[in-house]
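Structural overview
Below, each chain spelled out in residue letters.
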Amino acid sequence: MTESTASVLYEVRGAVALITLNRPQALNSFTREMHHALWAALDLAEANVDVRAAVITGAGRGFCAGADLSDFDFTPGPDRVERADPGPIIDQAFNPSTRRLQSLRMPTIAAVNGVAAGAGASLVMACDIAIAAPGANFIQAFAKIGLIPDAGGSWLLVERLGLARALALAMTGDKLSAQQAKDWGMIWDVNEDPLASALALGERLSKMPTKALVATRALMQAATTRSLSEHLDAERDTQSALGRTHDYFEGVQAFLEKRPAQFKGE
């Protein structure tokens with residue numbers, strides 16, 4: 001998966017896994033095979049105990065243009081509706097990719113080097129943090145082909161932007177610039193070199209208490225599904241579990257001794 005012909009490239013830089021979507025000729029649009037390659041890269045990252053953050057970016061001028069429609073069979077025939085049905089690939093490929101990113105044992109950062117359209121924008125939002133190039137943009141292209149935002153897009157857009165903005169973007173299919181995406185809360189930052197910035201942030205996060213970062217993600221993901229009283233209980237239980245970790249004791253000891261903490265992600 002390190003050869004240039006692979007649809008997803010994987011390498012390790014220090015404690016950070018760099019995963020590159022690598023179909024630049026198709027703006028890194030997803031085929032079924034590419035999803036499997038992404039899962040294999042995430043498996044490698046999770047299996048490497050020295051890796052404690054992951055960065056996802058795209059090769060060439062785009063981040064990801066969503067689904068590769070050439071993967072669908074629109075050939076005329078009596079069963080064309082079944083063959084062209086997007087439901088199976090969503091169920092078998094896009095949804096598992098979103099779930100994998102949202103449950104990864106380490107923080108994830110999207111380095112958005114160019115356009116992120118359709119499920120490509122959903123992929124960005126499925127990562128914990130996103131940094132985009134000034135010229136990058138985000139497009140909800142689904143309405144233009146008679147579909148709805150998928151790969152978590154209809155949920156993530158509302159969570160990040162609020163209903164009014166999410167609905168207007170999804171219905172119009174208008175481009176959202178990187179700066180406006182930052183101003184509206186879709187992404188964390190805009191940077192001339194999003195990959196370098198994402199790798200630097202990944203290195204920073206890799207030195208932090210990984211279990212606490214991932215537990216923070218899980219709590220915040222579930223925040224809207226609970227009452228405040230229920231969420232207080234969830235915070236208590238999570239805090240108690242983290243109170244048994246190496247990094248908790250190390251963090252407190254370092255604070256008391258006025259020295260930098262040496263977290264292990266344990």
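Residue numbers here run from 1 along each chain, matching the order of that chain's written sequence. Given that this is a predicted model, residues contribute local features only at a pLDDT of at least 70 and side-chain atom pairs are listed and counted only at 80 or more, while totals for whole chains, interfaces and linings are drawn from all residues. The basis for the side-chain values is all heavy atoms of the structure; hydrogens and waters are excluded.

Assigned secondary structure in the protein consists of 11 helices and 10 strands. Here the C-alpha atoms of the protein give a radius of gyration of 19 Å, agreeing with the 18 Å that 2.2 N^0.38 yields for 266 residues. For the protein, the spread of C-alpha atoms along the three principal axes comes to 70 × 45 × 35 Å. Between buried and exposed lies partly exposed: a residue is buried under 20% and exposed over 50% of the maximum accessible area for its type, with that area taken using a 1.4 Å probe on protein chains only. A total of 266 residues make up the protein; the buried ones form 45% of that total. Within the protein, contacts between residues separated by at least 24 positions form 67% of all contacts whose residues are at least 6 apart in sequence. Per-residue accessibility takes into account occlusion by the displayed protein chains alone, with areas from the Shrake-Rupley method and a 1.4 Å probe. Taken as a whole, the protein presents about 13,300 Å² of accessible surface, with 58% of it coming from carbon and sulfur. Looking at charge distribution, the protein has the averaged site of its 25 positive side-chain charges lying 4 Å from that of its 30 negative ones. Helix numbers and strand numbers start at the N terminus; a helix is a DSSP run of H or I with at least 4 residues, a strand a run of E with at least 2. All radius of gyration figures rest on C-alpha atoms, and the globule criterion is 2.2 Å times the number of residues raised to 0.38. Whether two residues are in contact is decided by their heavy atoms, any of which lying within 4.5 Å being enough. Positive charges come from Lys and Arg alone, negative charges from Asp and Glu alone, with His and the N- and C-terminal ends not counted. Charge positions are represented by NZ for Lys, CZ for Arg, CG for Asp and CD for Glu.

What follows deals with the pairing of strand 2 (residues 16-21). Judged by how many residues are buried, strand 2 sits mostly within the fold: 6 of 6 residues are covered. Going residue by residue along strand 2, you find Val16, Leu18 and Thr20 tucked away on one face and Ala17, Ile19 and Leu21 tucked away on the opposite face as well. Note on pairing: DSSP must find at least two bridges between two strands before they are called paired. With 6 bridges joining them, strand 1 (residues 8-13) and strand 2 adopt antiparallel strand pairing. By the bridge assignment for strand 2, Glu11 is matched with Leu18.

The next thing to look at is the layout of surface pockets. To locate leftover empty space, one rolls a probe as large as a water molecule over the atoms. When its volume is computed, the largest pocket comes out at roughly 480 Å³. Grid points spaced at 1 Å and placed over the protein atoms alone form the basis of the search, with a cavity being a set where a 1.4 Å probe fits but cannot get out and a pocket an open set showing protein on both sides within 12 Å along at least five of seven lines. Lining residues have an atom within 4 Å of a point. Asp128, Ile129, Thr216, Arg217 and Met220 are, among the 19 residues lining the largest pocket, the residues nearest its centre. Those elements that place two or more of their residues in the lining of the largest pocket are helix 4 (119-126), helix 5 (153-161), helix 8 (194-206) and helix 9 (210-222). At 5 residues, the largest contribution of residues to the lining of the largest pocket is made by helix 9. Residue polarity is assigned by list, with Asp, Glu, Lys and Arg as charged and Ala, Val, Leu, Ile, Met, Phe, Trp, Tyr, Cys and Pro as nonpolar; anything else, Gly included, falls into the polar class. Of the residues belonging to the lining of the largest pocket, the class tally is 11 nonpolar, 3 polar and 5 charged. Grid points are joined across faces, edges and corners, and a volume is the space filled by probe spheres set on the points.

A helix is expected to span 1.5 Å multiplied by its residue count minus one. End to end, helix 9 covers 19 Å across 13 residues, agreeing with the expected 18 Å (1.5 Å per residue, within 8%). Every buried residue of helix 9 is listed here: Thr210, Val214, Ala215, Arg217, Leu219 and Ala222.

Quick look at the packing of helix 1 (residues 32-47) against helix 3 (residues 87-103) now. Axis definition: a line fitted to C-alpha atoms, limited for helices to the stretch in contact. Angles are taken between N-to-C directions and run from 0 to 180 degrees. Viewed as axis vectors pointing N to C, helix 1 and helix 3 meet at an angle of 20 degrees, and their least axial separation amounts to 10 Å. It follows that helix 1 is roughly parallel to helix 3 by the angle criterion. Helix 1 and helix 3 meet at a crossing whose hand is left-handed. Where helix 1 approaches helix 3, its residues Arg32, His35, Leu38, Trp39, Leu42, Asp43 and Glu46 are matched on the opposing element by Pro88, Ile89, Gln92, Ala93, Phe94, Pro96, Ser97, Arg100, Leu101 and Ser103. Among the residues forming the contact of helix 1 with helix 3, the class breakdown is 9 nonpolar, 4 polar and 4 charged. Note that the term roughly parallel is reserved for angles under 35 degrees, roughly antiparallel for angles over 145, roughly perpendicular for angles of 65 to 115, and oblique for everything else. What makes a crossing left-handed is the near helix being turned counterclockwise from the far one by less than a right angle; a clockwise turn instead makes it right-handed.

Attention now goes to the sheet that holds strand 1. Spatially, the 6 strands line up as an open sheet ordered 1-2-3-5-7-10, and their pairing is mixed. Every other strand in the sheet has two partners, leaving strand 1 and strand 10 (189-190) as the edge strands with one partner each. As defined by bridge partners, strand 5 (residues 108-112) adjoins strand 7 (residues 129-132) across 4 bridges and the pair is classed as parallel. Bridge pairing links Val112 to Ala132 in strand 7. Most of the contacts of helix 1 go to strand 1, to which it runs at about 15 degrees, and overall it touches strand 1 and strand 2.

Let's shift gears to the pattern of salt bridges. Think of a salt bridge as a Lys or Arg side-chain nitrogen and an Asp or Glu carboxyl oxygen that are within 4 Å of each other. Within this structure, the stated rule accounts for 13 salt bridges. The partner of Asp233 in a salt bridge is Arg236, with the nearest N and O atoms 3.2 Å apart. Separated by 3 residues within a single helix, Asp233 and Arg236 lie in helix 10 (residues 228-242), roughly one turn from each other. Here Asp233 falls in the partly exposed class, since its relative accessible area comes to 36%. For Glu257, the salt bridge identified is with Arg259, shortest N-O distance 2.6 Å. Residue classification places Glu257 among the partly exposed positions, given a relative accessible area of 43%. For Arg259, a relative accessible area of 30% gives the class partly exposed. The network of salt bridges with shared partners includes Asp43, Glu46 and Arg100.

Before going further, it helps to examine empty space enclosed by the protein. Tallied over the full model, the rule gives 1 cavity of 30 Å³ or more. Quantified by volume, the largest cavity comes out at close to 50 Å³. Taken together, Phe30, His35, Phe94, Ser97, Thr98, Ala119, Leu123 and Ala151 form the lining of the largest cavity. Of all elements in the fold, only helix 3 and helix 4 reach the threshold of two or more residues within the lining of the largest cavity. When residues in the lining of the largest cavity are grouped by element, the largest group, 3 residues, is from helix 3. Looking at side-chain class alone, the lining of the largest cavity contains 5 nonpolar, 3 polar and no charged residues.

Any functional reading would require information that these geometric values do not contain.
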